[in-house]
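# Remarks on the overall topology
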Amino acid sequence: MHQLLNTTTATRIRTATIADWPLIETFHRGCSEQAMHRRWGRTQITRRDIERLLHHSSCWIALHATDEVIALGSAGPVSRHPGVFDLGLQVADAHQRRGIGLALARHAAAHARSQGAHTLSVYAEVSNLPMLGLVRHLGHPTEIREGAYLDVRVPLSGTNRSPALS
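### Let's talk about the packing of aromatic side chains
Here the structure, examined in full by the defined rule, presents 1 aromatic pair. With 5.2 Å between their ring centres and 5° between their planes, Y123 and Y149 make a pair best called stacked. Placement of Y123 in strand 6 (residues 119–125) and of Y149 in strand 8 (residues 149–155) is noted, with a sequence separation of 26 residues between them. The class for Y123 is partly exposed, based on a relative accessible area of 49%. Looking at R39, its charged tip hangs above the ring of W40, at a distance of 4.1 Å from the centre.

### A few points about the environment of H111
Locating H111 in the fold gives a position in helix 4 (residues 100–114). Separated by 36 residues in the primary sequence, H111 and A75 have C-alpha atoms spaced 7.8 Å apart. Beyond its immediate chain neighbours, meaning those up to four positions away, H111 contacts S58, W60, A75 and F85.

### Observations concerning the pattern of salt bridges
A full pass over the atoms with the stated rule returns 9 salt bridges. E51 serves as the salt-bridge partner of R48, at 3.6 Å between the closest nitrogen and oxygen. Highlighted residues: R48 and E51, both in helix 3 (residues 47–56), separated by 3 residues, approximately one helical turn. According to the relative accessible area criterion, R48 is partly exposed, its value standing at 46%. It is possible to trace a salt-bridge network through shared partners that takes in R42, D49 and R52.

### Digging into the confidence of the model for the chain
Of all residues in the chain, 89% attain a pLDDT of 70 or more, and the chain-wide mean is 86. Below pLDDT 50 for its whole length, residues 1–8 participates in 23 contacts with residues either more than four positions away or in separate chains. Here residues 161–166 is modelled with pLDDT under 50, and outside its nearest four sequence neighbours on either side it reaches 14 contacts, counting other chains as well.

### Considering the packing of helix 4 against helix 5 (residues 129–138)
For the pair helix 4 and helix 5, the least separation of the axes is 10 Å and the interaxial angle reads 50°. Looking at the two axes, helix 4 sits oblique to helix 5. The handedness of the crossing between helix 4 and helix 5 is right-handed. Within the contact between the two elements, helix 4 uses G101, L102, A105 and R106 and helix 5 uses L134, H137 and L138. Taken together, the residues of the contact of helix 4 with helix 5 break down into 4 nonpolar, 2 polar and 1 charged.

### Concerning the nonpolar core
Formed by 30 residues in total, the largest nonpolar core has its most connected members in L87, L89, L120, V122, V135 and L138. Secondary structure elements with two or more residues in this core: strand 3 (58–64), strand 4 (69–76), strand 5 (84–91), helix 4, strand 6, helix 5 and strand 8.

### Side note on helix 2 (residues 33–40)
Looking at helix 2, one finds that the buried residues are A35, M36 and W40. One side of helix 2 carries all its buried residues, which in axial view fall inside an arc of 100°. Close packing links the buried residues of helix 2 with helix 1 (21–29), helix 3, strand 4 and strand 5. The first or second residue beyond helix 2 is G41, which carries a positive phi of 80°.

### Some thoughts on the environment of T15
One can find T15 in strand 2 (residues 11–15). The sequence separation of T15 and G73 amounts to 58 residues, and the corresponding C-alpha distance is 9.4 Å. Excluding its chain neighbours within four sequence positions, the residues that come into contact with T15 are D20, C59 and W60.

Definitions and cut-offs
All residue numbers refer to position in the chain's written sequence, counted from 1. Predicted model: local features are reported for residues with pLDDT of at least 70 only, side-chain atom pairs are reported and counted for 80 or more only, and whole-chain, interface and lining totals are derived from all residues. With hydrogens and water excluded, all non-hydrogen atoms of the structure serve as input to the side-chain values. Two aromatic rings from Phe, Tyr or Trp, using only the six-membered ring of Trp, form a pair when their centres are within 6.5 Å; if the ring planes differ by under 30 degrees the pair is stacked, by over 60 it is edge-to-face, and anything between is tilted. What counts as a helix is a DSSP run of H or I of at least four residues, what counts as a strand is a run of E of at least two, and both are numbered from the N terminus. In this scheme, a residue with accessible area under 20% of its type's maximum is buried, one over 50% is exposed, and one in between is partly exposed, where area comes from a 1.4 Å probe on protein chains only. We count a charge as sitting over a ring when the NZ of a lysine or the CZ of an arginine lies within 6 Å of the ring centre and within 35 degrees of the ring normal. Residues are treated as being in contact if the distance between any of their heavy atoms lies within 4.5 Å. Only one rule defines a salt bridge in this text: a Lys or Arg side-chain nitrogen within 4 Å of an Asp or Glu carboxyl oxygen. Per-residue confidence from the predictor is reported as pLDDT, which spans 0 to 100. Comment: axis = line fitted to C-alpha atoms, over the contacting stretch for helices; angle = value between 0 and 180 degrees taken between N-to-C directions. Angular relationships are summarised with four words: roughly parallel below 35 degrees, roughly antiparallel beyond 145, roughly perpendicular across 65 to 115, and oblique for the angles in between. Left-handed describes a crossing whose near helix is turned anticlockwise from the far helix through less than a right angle; right-handed describes the clockwise counterpart. Residue polarity is assigned by list, with Asp, Glu, Lys and Arg as charged and Ala, Val, Leu, Ile, Met, Phe, Trp, Tyr, Cys and Pro as nonpolar; anything else, Gly included, falls into the polar class. Here, nonpolar core means buried Ala, Val, Leu, Ile, Met, Phe, Trp, Tyr and Cys residues that are tied together by side-chain atoms lying within 4.5 Å of each other. It is the directions from the helix axis to the C-beta atoms whose arc is reported.

Encoded structure:
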């Protein structure tokens, strides 16, 4: 199901499948090494990485009007903590700070809540200010510092329940 984001250009979010690998691969090739490292902890992503992600979580891609992938989001019980869904996001460098990541995060929160989760979790480097700022917009998180990383937990009862997508 295609849904439009409230951005300056037509952008829609849809569920990702392994058939989207060529689009996702092209998306990753267009991202900076810094962005890849912030999201994945490395600069190269393989088809097997995406297969594992799809196996353990629900994934969505945001498509620009030209059917170019401009963002990838995921949420699922990856860490296997009961009631906790882990959030993963990556937005193309040229499309950041336009609300796409926040819309994907709200979509992921609504999905997690519908699956019985009570908490959305993000594990990110302390220096990943875009992701940390985005997660703080979702609600009132608790943050535990673990060296150069933060384990951020957002209670889903406090997240915005209004539709993220219109």
